[in-house]
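What follows is each chain in one-letter form.
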Amino acid sequence: MRIGIIGTGVVGRTLGSKLVSLGHRVTLGSRGQDNENGLAWAQQAGPDGHTGTFTEAAAFGEVVLNATGGTVSLAALRAAGAGQLAGKLLIDVSNPLVFGPDGAVTLDPVNTDSVGEQIQREFPEARVVKALNTLNCELMVDPGRLAGEHNLFIAGNDATAKAETVALLGEFGWPAEWIVDLRDISGARATEMMMPFWLRMTGHFGSAEFNYSFQRGK
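Notes on the structure in this doc start here.

Thresholds applied
- Residues numbered from 1 in each chain as written.
- Predicted model: local features only at pLDDT ≥ 70, side-chain atom pairs only at ≥ 80, totals over all residues.
- Heavy atoms only, no water.
- Helix = DSSP H or I, 4+ residues; strand = E, 2+ residues; numbered from the N terminus.
- Buried < 20%, exposed > 50% of the residue type's maximum accessible area, 1.4 Å probe, protein only.
- Contact = heavy atoms within 4.5 Å.
- Areas by Shrake-Rupley, 256 points an atom, 1.4 Å probe, with all protein chains shown as cover.
- Lys, Arg positive; Asp, Glu negative; His and termini not counted.
- Charge placed at Lys NZ, Arg CZ, Asp CG, Glu CD.
- Phe/Tyr/Trp six-rings, centres within 6.5 Å; stacked < 30°, edge-to-face > 60°.
- 1 Å grid on protein atoms, 1.4 Å probe; cavity = no way out; pocket = protein on both sides within 12 Å on 5 of 7 lines; lining within 4 Å.
- Points joined across faces, edges and corners; volume = space filled by probe spheres on them.
- Nonpolar A, V, L, I, M, F, W, Y, C, P; charged D, E, K, R; others polar.
- Salt bridge = Lys/Arg side-chain N within 4 Å of Asp/Glu carboxyl O.
- Axes fitted to C-alpha atoms, helices over the stretch in contact; angles between N-to-C directions.
- Parallel < 35°, antiparallel > 145°, perpendicular 65-115°, else oblique.
- Left-handed = near helix turned anticlockwise from the far one by under 90°.

With respect to the overall build of the chain
Then comes step 1: On a plain count of helices and strands, the chain comes out with ten helices and ten strands.
Then comes step 2: Considering only C-alpha atoms, the chain reaches an extent of 50 × 40 × 35 Å along its principal axes.
Then comes step 3: Out of the 218 residues belonging to the chain, those deemed buried represent 50%.
Then comes step 4: When contacts within the chain are restricted to residue pairs at least 6 apart in sequence, those whose partners lie at least 24 apart make up 71%.
Then comes step 5: Approximately 10000 Å² of the chain is accessible, and the part contributed by carbon and sulfur atoms is 52%.
Then comes step 6: In the chain, 17 positive and 23 negative side-chain charges are present, and the distance between their average locations comes to 3 Å.

In structure tokens, the structure reads:
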């Protein structure tokens, strides 16, 4: 597939490299074509990896991934253009983390709204699915780094879009039965609100090499 990734940070580059390794063609988008992270990534990614603007990445992709910070996601997607997103699967990987001067972390939005919902409202013709925002990016693309079953979460209004997302996650190595469907896009509130806890656990473990695994009663 042709996949456009909005964002050239470590998450976007990690996802892009994995997708290229799987045989997909990827354009990593940023505000300008001279973005150093994007240019360096494209140079090492080979002929199936390209860099461009947000608009170019969104236009290129049959599927679009939002890998920007949640507090700037709407601005980045506006720059990409609603017309470039219409009808497409848009996988939102973002978290709206706000870091205070004292290092404290809050979320904006939180509780009664989420970035996933904001994106779906602003781009109603896109098929938004929240996914991959509850774990380290290395684990996103290689769940086998951890032993045993562990879980991912998806949320979205379009059942077909969620099925397409599960299929793409399967290419990353995620069995469908490990993926928990939190129903409509308001489920993004729950997964985004997991992130302050995730950050605390990262500090506790001294590493981001962990994930959630849920055990059910008999």
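Following the structure, the description resumes.
Points about the packing of aromatic side chains
Then comes step 1: By the definition in use, this model includes five aromatic pairs.
Then comes step 2: Measuring from ring centre to ring centre gives 6.2 Å for Trp174 and Trp178, while their planes differ by 80 degrees; the resulting arrangement is edge-to-face. When sorted by exposure, Trp174 lands in the same class as Trp178, which is buried.
Then comes step 3: Taken together, the ring pairs in this structure connect Trp198, Phe205 and Phe210 into an aromatic cluster.

Comments concerning the environment of Gly156
Then comes step 1: Mapped onto the secondary structure, Gly156 falls in strand β9 (residues 152–156).
Then comes step 2: A residue is classified by how much of its surface remains accessible, and Gly156, at 3% relative accessible area, is buried.
Then comes step 3: Linking Gly156 and Phe99, residues 57 residues apart in sequence, is a C-alpha distance of 27 Å.
Then comes step 4: Dropping the residues within four chain positions of it, Gly156 is found in contact with Val128, Lys162, Arg183, Asp184 and Ile185.

Re the layout of surface pockets
Then comes step 1: Approximately 520 Å³ is the volume found for the largest pocket.
Then comes step 2: In terms of lining residues, the largest pocket is bounded by 30 residues, among which Val11, Ala67, Thr68, Gly69 and Gly70 are the most central.
Then comes step 3: Here the lining of the largest pocket is composed, by residue class, of 15 nonpolar, 14 polar and one charged.

Remarks on the pattern of salt bridges
Then comes step 1: Taken as a whole and judged by the stated rule, the model has nine salt bridges.
Then comes step 2: In this structure, the salt-bridge partner of Glu164 is Arg127, at a minimum N-O distance of 3.0 Å. Of this pair, Glu164 sits in helix α8 (residues 159–172) while Arg127 sits in strand β8 (residues 127–131); the two residues are 37 residues apart in sequence, bridging distant segments of the chain.
Then comes step 3: Look at Glu164 and you get partly exposed, because its relative accessible area is 32%.
Then comes step 4: With relative accessibility at 19%, the residue Arg127 sits in the buried group.
Then comes step 5: One continuous salt-bridge network, built from bridges that share partners, spans Asp92, Lys130 and Glu192.

Details of the packing of helix α1 (residues 10–21) against helix α2 (residues 36–45)
Then comes step 1: One way to put it is that α1 packs onto α2 with a least axis distance of 11 Å and a crossing angle of 20 degrees. What the angle tells us is that α1 and α2 run roughly parallel. For the element pair α1 and α2, the recorded crossing hand is right-handed. Between α1 and α2, the contacting residues are Arg13, Gly16, Ser17 and Val20 on the first element and Asn37, Trp41, Gln44 and Ala45 on the second.
Then comes step 2: Here the contact of α1 with α2 is built from residues that sort into three nonpolar, four polar and one charged.

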